[in-house]
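# Survey of secondary and tertiary structure
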Amino acid sequence: MTIALEYWYNHVVLGTEGLLNSFFATVCMRLEDGVWGSRFPVVMRQLYWGHVEVASLQDGIAELEVIKREFLERSVSDALWVTGDENTHVEPSYLVTRGEYAHNLFEYFTTIDEASLLDRLIRVFTKAKNLKGGQIVKITGSFVLA
């Protein structure tokens, strides 16, 4: 299933469930020491559950910027993939060769059209915040961390 973000009348495609599951799992385990939402409550609680409130967008942008900085310092080998089967490593097809070219987690996590996932999230949050009165950000498609 393809996951996208919606705000106002805009629909921004991110990628597959696997991409998002991996992103959230990597943030939790590598940046939050396994405590979900302890450092990044907007990203890990609101965005993960598919609804970011207008009042949280600025904090969400700040959190995404910190994640970006910390991902720039981490190796691709720190990426976690959640598949439901501990013996299976399945990456979205468009990421299969990504690890050969990425030098860090920031470069590794790309959208289905090969843009930076974090830059796209920051751009969507910023645009939603800057619309008159601000706009909530919703995830379309559904996914649950396995």
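Residues numbered from 1 in each chain as written. Predicted model: local features only at pLDDT ≥ 70, side-chain atom pairs only at ≥ 80, totals over all residues. Heavy atoms only, no water.

## Considerations on the confidence of the model for the chain
When pLDDT is low, close inspection of the predicted coordinates is not appropriate. With 84% of its residues at a pLDDT of 70 or more, the chain shows a mean pLDDT of 84. The least confident element of the chain, judged by mean pLDDT, is helix 4 (residues 98–101) at 62; the most confident is helix 3 (residues 57–72) at 97. (pLDDT = per-residue confidence, 0-100. Helix = DSSP H or I, 4+ residues; strand = E, 2+ residues; numbered from the N terminus.)

## Let's talk about the packing of helix 1 (residues 17–31) against helix 3
Between helix 1 and helix 3, the least distance of the axes is 12 Å, while the angle of their chain directions is 75°. As the angle between them shows, helix 1 and helix 3 are arranged roughly perpendicular. Contacts between helix 1 and helix 3 pair Phe23, Thr26, Val27 and Leu31 from the former with Ile67, Glu70 and Phe71 from the latter. A breakdown of the residues in the contact of helix 1 with helix 3 according to their chemical character gives five nonpolar, one polar and one charged. (Axes fitted to C-alpha atoms, helices over the stretch in contact; angles between N-to-C directions. Parallel < 35°, antiparallel > 145°, perpendicular 65-115°, else oblique. Contact = heavy atoms within 4.5 Å. Nonpolar A, V, L, I, M, F, W, Y, C, P; charged D, E, K, R; others polar.)

## Re the nonpolar core
Judged by nonpolar contacts, the single largest core of 41 residues is most densely connected at Phe23 and Phe71. Mapped by element, the contributors of at least two residues to this core are strand 1 (2–7), strand 2 (10–16), helix 1, helix 2 (41–47), helix 3, helix 5 (105–108), helix 6 (117–130) and strand 4 (137–140). Sequence-distant contacts of Phe23, that is, excluding residues within four places in its chain, are made with Val43, Ile67, Phe71, Phe109, Leu117, Leu118 and Leu121. (Core = buried A, V, L, I, M, F, W, Y, C linked by side-chain atoms within 4.5 Å. Buried < 20%, exposed > 50% of the residue type's maximum accessible area, 1.4 Å probe, protein only.)

## Comments concerning the side chain of Ser56
With respect to the helices, strands and loops of the structure, Ser56 is situated in the loop between strand 3 (51–52) and helix 3. Setting aside anything within four residues of it in sequence, one finds Ser56 in contact with Val42 and Gln46.

## Re helix 6
With 14 residues, helix 6 ought to run about 20 Å at 1.5 Å a step, and its terminal C-alpha atoms sit 20 Å apart, in line with that. Three or more residues of helix 6 are buried, namely Leu117, Leu118, Arg120, Leu121, Ile122, Val124, Phe125 and Ala128. For helix 6, the N-terminal cap is Ser116; the gap from its side-chain oxygen to the backbone nitrogen of Leu118 is 3.4 Å. (Expected span 1.5 Å × (residues − 1). Polar contact = N/O pair within 3.5 Å; in protein donor to acceptor, adjacent residues only side chain to side chain.)

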